[in-house]
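# Chain and residue survey
Residue-level listing of the chains:
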Amino acid sequence: MLFHVKMTVNLPHDLPADQATDILAREKAYSQALQAEGKWRHIWRVAGHYANISIFDVADNEELHVLLSGLPLFKFMDIEVMPLLRHPSAVRDDDR
Ligand SMILES: O=C(O)CC1=CCC(=O)O1
């Protein structure tokens, strides 16, 4: 199942720099591992915002929840999820 996910990051201004550096490094590694697995298909920065638009390809709502709640930045994010399904006019075979 495909999901469109918007993540808006709200890092506290008083978060110590070493903790911020550590959490961002862990977030990057977590994200890149899921991208390599094919579960996190796309990630795009939203211009002018500390936010991203991502496409996840997972088995079901529960798997998406597990992956999102495992994000190192999870407690510092607002997350909006939109489930996607194939459009009847779509021509790409991998958009299901
Ligand atoms: O910077 C972001 O948008 C938050 C984020 C999610 C995965 C990642 O590497 O950074």
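Residues numbered from 1 in each chain as written. Predicted model: local features only at pLDDT ≥ 70, side-chain atom pairs only at ≥ 80, totals over all residues. Heavy atoms only, no water.

The protein is annotated in an unreviewed UniProt entry as Muconolactone Delta-isomerase from Rhizobium lemnae. Under the UniProt heading Catalytic activity (unreviewed entry), the note attached to the protein is "(S)-muconolactone = (4,5-dihydro-5-oxofuran-2-yl)-acetate". According to its UniProt record, the protein has this under Pathway (unreviewed entry): "Aromatic compound metabolism; beta-ketoadipate pathway; 5-oxo-4,5-dihydro-2-furylacetate from catechol: step 3/3." (UniProt positions renumbered as here; feature names shortened; annotations may be inferred.)

Before going further, it helps to examine the site of the ligand. Close to the ligand lie V9, E27, K28, S31, W40, I43, R45, Y50, N52, L73 and M77. Residue N52 places a side-chain N or O atom 2.9 Å away from an oxygen atom belonging to the ligand. Across the complex, the protein chains shield 87% of the 280 Å² of accessible surface that the ligand would expose by itself. Here the ligand is seated within the largest pocket. (Near = heavy atom within 4 Å. Polar contact = N/O pair within 3.5 Å; in protein donor to acceptor, adjacent residues only side chain to side chain. Areas by Shrake-Rupley, 256 points an atom, 1.4 Å probe, with all protein chains shown as cover. 1 Å grid on protein atoms, 1.4 Å probe; cavity = no way out; pocket = protein on both sides within 12 Å on 5 of 7 lines; lining within 4 Å. Sits in = over half its atoms within 2 Å of the grid points.)

Right, let's talk about helix α1 (residues 17-37) for a bit. The first and last C-alpha atoms of α1 sit 30 Å apart over 21 residues, in line with the 30 Å expected at 1.5 Å per residue. Here α1 has its buried residues at A20, I23, E27, S31 and L34. For α1, the buried positions fall inside an angular range of 70° around the axis, keeping them on one side. In α1, those exposed residues whose orientation departs by more than 90 degrees from the buried face are D18, T21, K28 and A36. Considering only its buried residues, α1 is in contact with β2 (40-45), α2 (61-69) and β4 (77-84). (Helix = DSSP H or I, 4+ residues; strand = E, 2+ residues; numbered from the N terminus. Expected span 1.5 Å × (residues − 1). Buried < 20%, exposed > 50% of the residue type's maximum accessible area, 1.4 Å probe, protein only. Arc of directions from axis to C-beta. Contact = heavy atoms within 4.5 Å.)

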